[in-house]
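# Structural description and commentary
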Amino acid sequence: MGAMRIGLAVAVLGALALVAGAQEYGRGSLGESAGLGQAPLPRPNYDIQFPSGTWGLKVDLGWAKVDWDIGPADGSETLFVPEVSVFYKMADSVDLNLSGLFASAEDEDGEWGRTSADMARLALGVRYWFDTGTRFTPYGGGGIGYYVVDGDVDNTREDGEVVPVADLSVKNTPGAFVEGGLAYQVADGFFVNVQLSYDFLLGSADATINGASEDFKVRVLAASLGATWMF
């Protein structure tokens, strides 16, 4: 009986020691500084900077302010504009891209009547992705390209008189754009992004209104929300 009591007492003391040890171990930090066995845990790593040779597709829809001048008239409208970019990573943080954007706007301009402007961008650009080591990646870039433009206006001025427009044509011209934004990694190879971009013509497009030479200018400032895929 004495041996049984001694054995039971040893078992109880052993159990109490295990419980106390577990409680003391549970007080240890499980954060980045300590883990099982008090070994440091690795910091989170996000593979934002895809290596060179990676292809990608970027699609955006922007809320844009379009401003234009055509002859003596001008106009302005705020509307949605789509943008698509196909890119190739030349380096880990730099891509070469081919992009397109389209805007078609209308306005009323007093005695000049209804006026409108269309612009389609087809441009070659370069974009830089800034590695922050997190899911957030800022980027910026720009490019130059061929801009298909057109415009219209109801009335114009001839010899100081306001007259209806019988014939109007606008020539396509070179243009450029700049952009900057922030991408957030949702999953491997998939990002959502917000962006601000500005498109403008290099100089002005040549326009002819009722046989007279005029200038045509158009500018598009867009705040966009989009998605980017890298594969």
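Residues numbered from 1 in each chain as written. Predicted model: local features only at pLDDT ≥ 70, side-chain atom pairs only at ≥ 80, totals over all residues. Heavy atoms only, no water.

## What about the overall build of the protein?
- Scanning the protein for helices and strands turns up one helix and twelve strands.
- Along the protein, helices and strands appear, N-terminal first, in the series α-β-β-β-β-β-β-β-β-β-β-β-β.
- The buried share among the 231 residues of the protein stands at 36%.
- For the protein, the share of sequence-separated contacts (at least 6 apart) that also reach a separation of at least 24 residues comes to 64%.
- When the accessible surface of the protein is totalled, it reaches about 12,600 Å², and 63% of it is carbon and sulfur. (Helix = DSSP H or I, 4+ residues; strand = E, 2+ residues; numbered from the N terminus. Buried < 20%, exposed > 50% of the residue type's maximum accessible area, 1.4 Å probe, protein only. Contact = heavy atoms within 4.5 Å. Areas by Shrake-Rupley, 256 points an atom, 1.4 Å probe, with all protein chains shown as cover.)

## A closer look at the pattern of salt bridges
- What the rule picks out here adds up to nine salt bridges.
- Of the charged contacts in the structure, one is a salt bridge between Asp152 and Arg114, with a shortest N-O distance of 3.1 Å. Of this pair, Asp152 sits in strand 5 (residues 136–153) while Arg114 sits in strand 4 (residues 114–129), and the two are 38 residues apart along the sequence.
- Where Asp199 meets Arg121, a salt bridge forms, and the shortest distance between an N and an O atom there is 2.8 Å. Note that Asp199 is positioned in strand 10 (residues 190–201) and Arg121 in strand 4, a separation of 78 residues in sequence.
- In this structure Arg121 comes out as buried when scored by relative accessible area, which is 3%.
- Among the ionic contacts, a cluster of salt bridges with common partners joins Glu83, Arg121 and Asp199. (Salt bridge = Lys/Arg side-chain N within 4 Å of Asp/Glu carboxyl O.)

## Digging into the side chain of Glu179
- Locating Glu179 in the fold gives a position in strand 9 (residues 173–187).
- Within the structure, the side chain of Glu179 is placed 2.8 Å from the side chain of Arg127, a separation counted as a polar contact.
- Look past the residues within four positions of Glu179 in its chain and what remains in contact with it is Lys58, Glu83, Arg127, Gly140, Gly141, Gln195, Leu196 and Ser197. (Polar contact = N/O pair within 3.5 Å; in protein donor to acceptor, adjacent residues only side chain to side chain.)

## Describing the nonpolar core
- Within the largest apolar cluster, 29 residues are counted, with the highest numbers of intra-cluster contacts made by Val66, Trp68, Ile70, Val149, Phe216 and Val218.
- For this core, the secondary structure elements donating two or more residues are strand 1 (55–70), strand 2 (73–91), strand 3 (94–108), strand 4, strand 5, strand 8 (168–170), strand 11 (205–209) and strand 12 (212–230).
- Excluding anything up to four places from it in sequence, Val66 contacts Gly75, Ser76, Glu77, Leu79, Ala103, Ala105, Val218, Arg219 and Val220.
- Residues Phe87, Trp129, Tyr139 and Phe191 belong to the second largest nonpolar core, which totals seven residues. (Core = buried A, V, L, I, M, F, W, Y, C linked by side-chain atoms within 4.5 Å.)

## With respect to the confidence of the model for the protein
- Within the protein, residue pLDDT values average 86, and 79% of them lie at 70 or more.
- Here residues 1–13 scores under 50 on pLDDT; set against residues more than four positions off or in separate chains, the count is zero contacts.
- For the stretch residues 15–36, pLDDT sits under 50, and the model shows 20 contacts to residues farther than four places along the chain or on other chains. (pLDDT = per-residue confidence, 0-100.)

## With respect to unusual backbone geometry
- The phi dihedral of Asp159 is positive, around 55°, even though this residue is not glycine.
- Within the secondary structure, Asp159 is located in the loop between strand 6 (155–158) and strand 7 (161–164).
- Residue class for Asp159 comes out exposed when judged on its relative accessible area of 83%.
- Unlike most non-glycine residues, Asn210 shows phi in positive territory, near 50°.

## Regarding the packing of aromatic side chains
- Under the criterion given, the structure shown has eight aromatic pairs.
- Between the aromatic rings of Phe87 and Trp129, the centroid separation amounts to 6.2 Å while the plane-to-plane angle is 45°, which identifies the pairing as tilted. Here Trp129 lies in strand 4 and Phe87 lies in strand 2, a separation of 42 residues in the sequence.
- With relative accessibility at 2%, the residue Trp129 sits in the buried group.
- It is Arg121 that lies over the ring of Phe177; its NZ or CZ is 4.0 Å from the centre. (Phe/Tyr/Trp six-rings, centres within 6.5 Å; stacked < 30°, edge-to-face > 60°. Lys NZ or Arg CZ within 6 Å of the ring centre and 35° of its normal.)

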